[in-house]
Amino acid sequence: MAHGNDCRPALEDGADQQQPLILDRVERETGKKWQTVVSKRLKKHCTPQKAKSKILGFVPILKWLPQYQLRDWILGDVMSGVIVGILLVPQSIAYSLLASQDPIYGLYTSFFASIIYALLGTSRHISVGIFGVLCLLVGQVVDRELALAGYLTESSSNSSDVLLAGQGNGSIGVACDRSCYAITVGATVTFTAGVYQVLMGLLQVGFVSVYLSDSLLSGFATGASLTILTSQFKYLLGLKIPRPQGWFTLFKTWYSLLTNLGSTNICDLVTSLVCLAILLPTKELNDRFKSKLKAPIPFELFVVIIATLASHFGHFNTDYGSDVAGDIPTGFLPPQLPLWSLIPSVAVDAFSIAIVGFAITVSLSEMFAKKHGYTVDANQEMYAIGFCNILPSFFRCFTTSAALTKTLVKESTGCQTQISGLVSALILLLVLLVIAPLFYSLQKCVLAVIIVVNLRGALRKFTDIPSMWRANRIDAAIWLVTMATSALVNTELGLLVGVLVSAFCVLGRTQQAHVLELGRAASREHYEGLSHYRGLQTHPGVAVFRYEAPIYYANQSLFKKSLYKCVGLDPVKEKSRRVKFEKSKRREEAKSSHSSRNVVIDCSAVLFLDTAGVGALKEVRKDYAELGVKVVLAHCNTSVLDTLERGGYCPDKKGGDVGENKMIFFTIADAVHYLQSLCAANGDHDTKC
């Protein structure tokens, strides 16, 4: 029974009527002191078992390593770790170029990320390290800050120094050349992005990843891939031109390429074409026969080795002016702090980098976890990827995230746990301590070829546009807008525009919802739209309608307009018409012009209401009541019932008059029977079924 202002579905008292469904709501506990609530929660959560679980949850390796099945898993982990480690060597060096860094820093980044994620990550399969889109975003920030510091092109590496103490890092004044300042900027951006990610983990906002849909992320990655592709042409052609800043960089880059085409380095061009001719078909062979191969053949590494030997013995750098990797030191440099004074300049860039890195990592983690039947913790992934950025930033590293290509290789070669990540780190350590200097003569155009070849997967998405359009036009539109903005206008802006377009599409769907008139199935109490199914029956004197969207401030007027149109009676216009008839002394004719037709609103598809939505329902009920039309609700969920109660939808009971509060029913059938009983009570026997 409803009491006072209670909007619980009501019970009809008439003994001759069908008994409506009645359910007792569980009363929520109210009025408790906050001290009592806090005390209860502390007792519940602050136990030794909970503390142990939290610690193990923060460092997941402590939980799964004691359960490691050595005989069953070690071979697959070692094999996948070695293969991914071999692939990481050329890719780490190559993607350093994209991030405007020296090759050694790419190796550092992959090494530290592999170790830290193995300790803190919850996915067994993803490979965390250098990711092309993030390298592009970092590189854009680095080039901008280099230009502001006075470094115009890469050839100006020795033309000027920046005094780090003068920049406000609080250390002894140290002259910093272009390479030093570039990694200082990159590490500062990485540190800031990592702090954002850890803070989001602390605030338990791992759920934000759900707002970045697959179509949005795919469009963003494809648009960024076009920018990456364009940025590598200067290396393929051997041109020394600065990376343009600001918006429309794609057009600016192509303009610079075309105007400097006459300065192409023939040695670099020929090397690029030869490497492309080798890598493109061999990578396709790897993809085509991956089911038959125990492990992908590391053609990239072979090309790097052969190209390095050819460049060294052919004196490509000295005789032909080909740009090479240069000195790659062994070992590790001492840690250094980020440049604190630079953080305000890169804070906005770091936030977009943090969001992209986290979203990519979580989406890949969840995809492979679902495939292999385990779960990942989105907030712990936020911590893991955050510390994969914070800690390495002190060792001159740049931003990392999960990478799809290397994750697929890792999974296909037998990976079982993140022990494979530790094995990959050992391979990289061997390179850092012994092999790195041997890559001195490696041409940068070869590294650019490796980057371009690895963009094939993202660029193939263009061939999927027709199928995406057929499957879902809204998702396809989000993909196209995000891709175009990322590629043609600005990479970071593309992400923001994609989020906004997605949000507006969701809002737009609530604006396009319409009221449907429902009919009853002949064999059972089930109601569906009359315009969608044949053979449905209507009830004389009672019409049933459904609105398939929330009712809130943005669409409440559209709801009323659609309802009035579907009912065929606009109460506002009808009242005006009756006033005119009254003035012309034809009131009875006006009253008889519309037969009595009571209304049931099926709220099963109304997920929520706000104050404006409650007001709209009140207005509909009041306006129709003035015309003698009764409006009741059915199938309201508990959230809607609570909102209606708080909004005062049901008037107070007076003198035990139960009939006044019969406005909400659990089922459509109960609502229909109640309205038909009103018709019978009023003498409208011809309208009762």
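The rules behind the values
Residues numbered from 1 in each chain as written. Predicted model: local features only at pLDDT ≥ 70, side-chain atom pairs only at ≥ 80, totals over all residues. Heavy atoms only, no water. UniProt positions renumbered as here; feature names shortened; annotations may be inferred. Phe/Tyr/Trp six-rings, centres within 6.5 Å; stacked < 30°, edge-to-face > 60°. Lys NZ or Arg CZ within 6 Å of the ring centre and 35° of its normal. Core = buried A, V, L, I, M, F, W, Y, C linked by side-chain atoms within 4.5 Å. Buried < 20%, exposed > 50% of the residue type's maximum accessible area, 1.4 Å probe, protein only. Helix = DSSP H or I, 4+ residues; strand = E, 2+ residues; numbered from the N terminus. Expected span 1.5 Å × (residues − 1). Contact = heavy atoms within 4.5 Å. Axes fitted to C-alpha atoms, helices over the stretch in contact; angles between N-to-C directions. Parallel < 35°, antiparallel > 145°, perpendicular 65-115°, else oblique. Left-handed = near helix turned anticlockwise from the far one by under 90°. Nonpolar A, V, L, I, M, F, W, Y, C, P; charged D, E, K, R; others polar. Patch = residues over 30% accessible without salt bridge, like charges linked within 9 Å, V, L, I, M, F, W, Y side chains within 5 Å. Areas by Shrake-Rupley, 256 points an atom, 1.4 Å probe, with all protein chains shown as cover. Salt bridge = Lys/Arg side-chain N within 4 Å of Asp/Glu carboxyl O. 1 Å grid on protein atoms, 1.4 Å probe; cavity = no way out; pocket = protein on both sides within 12 Å on 5 of 7 lines; lining within 4 Å. Points joined across faces, edges and corners; volume = space filled by probe spheres on them. Pairing = 2+ DSSP bridges. Disulfide = S-S within 2.5 Å.

The name an unreviewed UniProt entry gives the chain is Solute carrier family 26 member 2, with Stegastes partitus as the organism. As stated in UniProt under Subcellular location (unreviewed entry), the record for the chain gives "Membrane".

S.K.: Looking at this structure, how should I read the packing of aromatic side chains?
M.R.: By convention here, two paired aromatic rings are described through the distance between centres and the angle between planes. A full pass over the atoms with the stated rule returns 20 aromatic pairs. If you follow R124 out to its NZ or CZ, it ends over the ring of Y374, 4.2 Å from the centre. The positively charged end of R621 is found above the aromatic ring belonging to Y649, 4.5 Å away from the centroid.

S.K.: Whenever I open this one, the nonpolar core confuses me. Can you help?
M.R.: Considering soluble globular proteins, one finds that nonpolar side chains tend to be buried as a cluster. L107, V133, Y181, V356, F398, F439 and L442 are the most contacted members of the largest nonpolar core, which totals 106 residues. If one sorts the elements of this core by residue count, helix α13 (residues 343-372) sits on top with twelve residues. The next biggest cluster of nonpolar side chains, apart from the first, holds 34 residues, and it includes L627, V629, L641 and L644.

S.K.: What is the right way to read helix α16 (residues 419-435) from this model?
M.R.: Note: α-helices contain 3.6 residues per turn, so residues at a spacing of three or four share the same orientation. End to end, α16 covers 23 Å across 17 residues, agreeing with the expected 24 Å (1.5 Å per residue, within 8%). Looking at the buried side of α16, the elements it contacts are α3 (61-64), α4 (70-98), α5 (103-120) and α15 (404-412).

S.K.: Whenever I open this one, the packing of helix α10 (residues 266-288) against helix α11 (residues 299-314) confuses me. Can you help?
M.R.: The relative placement of two packed helices is expressed as an angle between their axes plus a distance between the axes. Closest axis-to-axis distance for the α10/α11 pair is 10 Å, and the angle between their directions is 160°. Our classification of the angle between α10 and α11 gives roughly antiparallel. The interaxial crossing formed by α10 with α11 has right-handed handedness. For the pair α10 and α11, contact is made by C275, I278, L279, T282, K283 and N286 and by F299, E300 and V303, respectively.

S.K.: Which parts of the structure should I look at to understand the packing of helix α7 (residues 178-202) against helix α14 (residues 378-393)?
M.R.: Two elements in contact, α7 and α14, have axes separated by 7 Å at closest approach and are oriented at 155°. With respect to α14, the axis of α7 lies roughly antiparallel. Taken as a pair, α7 and α14 cross one another with a handedness that is left-handed. Residues A187, T190, F191, G194, V195, Q197, V198, M200, G201 and L202 of α7 form the contact with α14, whose own contacting residues are N379, M382, Y383, I385, G386, F387, N389, I390 and S393. Split into classes, the residues belonging to the contact of α7 with α14 amount to eleven nonpolar, eight polar and no charged.

S.K.: Please explain a nonpolar patch on the surface as it appears in this structure.
M.R.: Together, L285, F289, L293, I297, F302 and I306 make up an exposed nonpolar region whose accessible area comes to about 510 Å². Mapped onto the elements, I306 comes out in helix α11. Taking the relative accessible area as the measure of exposure, I306 reaches 58% and is therefore exposed.

S.K.: What's the story with empty space enclosed by the protein in this structure? I'm lost.
M.R.: By rolling a water-sized probe across the atoms, one finds the places where empty space is left. Here the structure, examined in full by the defined rule, presents five cavities of 30 Å³ or more. For the largest cavity, the full set of lining residues is T230, S231, K234, Y235, I241, P242, R243, P244, T253 and S256. Those elements giving two or more residues to the lining of the largest cavity turn out to be α8 (214-236) and α9 (249-259). In terms of residues, the lining of the largest cavity owes the most to one element, α8, which gives four residues. A breakdown of the residues in the lining of the largest cavity according to their chemical character gives four nonpolar, four polar and two charged.

S.K.: Just checking my understanding: could you explain the pairing of strand β7 (residues 542-547) for this structure?
M.R.: In terms of residue burial, β7 counts as a mostly covered element, since six of its six residues are buried. With four bridges joining them, strand β5 (residues 515-520) and β7 adopt antiparallel strand pairing. When the sheet's bridge partners are listed, L516 is paired in β7 with R546. Pairing geometry for β7 and strand β8 (residues 598-602), over five bridges, is parallel. Along β8, the bridge assignment pairs F545 with I601.

S.K.: Looking at this structure, how should I read the environment of S365?
M.R.: With respect to the helices and strands, the residue S365 is situated in helix α13. Under the relative-accessibility criterion, S365 is labelled buried at 0%. The spatial distance from the C-alpha of S365 to the C-alpha of G121 is 9.4 Å, given a sequence separation of 244 residues. Leave out the neighbours within four places in its chain, and S365 touches Y117, S123, I126, V376 and E381.

S.K.: What is the right way to look at the pattern of salt bridges in this model?
M.R.: Charged atoms that come close allow side chains of opposite charge to pair. Across all of its chains, the model carries 14 salt bridges by this definition. Residue R546 pairs with E548 through a salt bridge whose shortest N-O separation is 3.8 Å. On the basis of relative accessible area, R546 is assigned to the buried category, the value being 11%. Residue class for E548 comes out partly exposed when judged on its relative accessible area of 43%.

S.K.: What's the story with the sheet that holds strand β9 (residues 631-634) in this structure? I'm lost.
M.R.: Pairing is mixed in the open sheet, where six strands are placed in the order β6-β5-β7-β8-β9-β10. With partners counted over all chains shown, the strands left at the sheet margins are β6 (527-529) and β10 (664-665), one partner each.

S.K.: Just to check I follow, could you spell out the side chain of S420 for this structure?
M.R.: Take S420: it is sitting in helix α16. For S420, the contacting residues outside a window of four places in its chain are D77, S80, G81, K410 and C415.

S.K.: What is the right way to read the environment of I435 from this model?
M.R.: Note that I435 resides in helix α16. I435 gets classed as partly exposed once you look at its relative accessible area, which sits at 29%. A sequence separation of 105 residues divides I435 from T330, and the C-alpha atoms of the two residues are 7.9 Å apart.

S.K.: For this particular structure, what's the right way to read unusual backbone geometry?
M.R.: Most peptide bonds are trans, and most residues other than glycine sit at a negative phi. You will see that H315, though not glycine, has its phi angle at about 55°, which is positive. Assignment of secondary structure puts H315 in the loop between α11 and α12 (316-320). Residue classification places H315 among the partly exposed positions, given a relative accessible area of 44%. Here the phi dihedral of R396 falls at roughly 60°; this positive angle occurs in a residue that is not glycine.

S.K.: What is the right way to look at the state of the cysteines in this model?
M.R.: One covalent bond between the sulfur atoms of two cysteine residues makes up a disulfide. Inspection of the entire model under this criterion finds zero disulfides. The structure places no disulfide on C636, whose sulfur is separated from the nearest cysteine sulfur, that of C603, by 3.9 Å. Taking relative accessible area as the criterion, C636 reaches 11% and is therefore assigned buried.

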